[in-house]
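Spelled out, the chains give:
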Amino acid sequence: MLSTENLVSGYEKVNVLQGVSMEIHRGEIVSVMGRNGVGKSTFVKTLCGLLPADSGSITFCGEDITKMKSYERAWKGISYVPQGHMVFPKLTVEENLQMGESIHPVKGKKPDYDLVYEYFPRLKERRNQEAGTMSGGEQAMLSIGRVLTGNSELMLLDEPSEGVQPNIVTAIGDIILRINKELNLTVLLVEQHIGLLQQVSGRAYAMDKGRIIDSLTREECLDYDRIRTYLSV
Ligand SMILES: Nc1ncnc2c1ncn2[C@@H]1O[C@H](COP(=O)(O)OP(=O)(O)OP(=O)(O)O)[C@@H](O)[C@H]1O
Ligand SMILES: [Mg+2]
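The following paragraphs examine the structure supplied in this document. (Residues numbered from 1 in each chain as written. Chains lettered and ligands numbered in written order. Predicted model: local features only at pLDDT ≥ 70, side-chain atom pairs only at ≥ 80, totals over all residues.)

## Considering the overall build of the protein
The helix and strand tally for the protein stands at 10 helices and 10 strands. Taking 233 residues into account, the globule formula puts the C-alpha radius of gyration at 17 Å, and the protein, at 17 Å, falls close to it. Its C-alpha atoms give the protein principal-axis dimensions of about 45 × 40 × 35 Å. Looking at the protein as a whole, 42% of its 233 residues are labelled buried. Restricting to contacts in the protein with at least 6 residues of sequence separation, those with at least 24 account for 72%. (Helix = DSSP H or I, 4+ residues; strand = E, 2+ residues; numbered from the N terminus. Rg over C-alpha atoms; globule rule 2.2 N^0.38 Å. Buried ≥ 20, exposed ≤ 12 C-beta atoms within 10 Å, placed from the backbone. Contact = placed C-beta atoms within 7 Å.)

Take a look at the structure:
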């Protein structure tokens, strides 16, 4: 579904990604794990088009999207859930969902808030609450729910566990597994949280210094000592 070939990107005067090649097939949940600052967010931002690729290529559903604008990638079905959740703090939960709809429009179809509320009943209870007043876990739910209103086929999730209390991380893991299965949404998960990585990963890549340094099967992901070597624990 998505593949990268020797992807290089970074910021002014800072090279971060040093040639990343990976692939994800339709229906999979694939994780990218790695310590702080290794380039995980840079990688997903390059995939969704917020950062330009300096060289290399990105292919999505057989099409070269390397130079495509981020909104075009969104229309094609790539959704992005940013690190730190990035909800609009002064807007209510439902208004935040409406913003998602403008990023991932569904042609000729009304956005299905009931679907979002079915996966996240807590968001329904809080539909009129300002998003900035919600807990980290609730904001994580909203940032995921926001992309479910649209036409997403591939969800890029950047550290959904950040700032979320442990029992809610597990609940979010359950939701990731359910939306993958029930909505046939392919998931690329960036994480450092071992519990969440082990709970949902179908397989995983380990990243260090802007490179993929290992590729792990699900069984290997379940080996605590093995994946710990790639993380800061
Ligand atoms: N806007 C920016 N301008 C310059 N350098 C940046 C910028 N954003 C990130 N970097 C640098 O790029 C490198 C990779 O950062 P990135 O955010 O991709 O790491 P990460 O793996 O997502 O880390 P974390 O787990 O802490 O989120 C770091 O050295 C970081 O300081
Ligand atoms: Mg990051």
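There's plenty left to go through after this.
## Observations regarding the site of ligand 1
Around ligand 1, 13 residues are found, and the nearest of them are Y11, N36, K40, S41 and T42. For the shell around ligand 1, the element with the most residues is helix α1 (residues 40-48), which contributes 3 residues. Across the shell around ligand 1, the residue classes tally to 4 nonpolar, 8 polar and 1 charged. (Near = placed C-beta within 6 Å. Nonpolar A, V, L, I, M, F, W, Y, C, P; charged D, E, K, R; others polar.)

## Description of the environment of I176
Inspection of the secondary structure puts I176 in helix α7 (residues 166-182). Other than its neighbours up to four places away in sequence, I176 contacts I29, V187 and V200.

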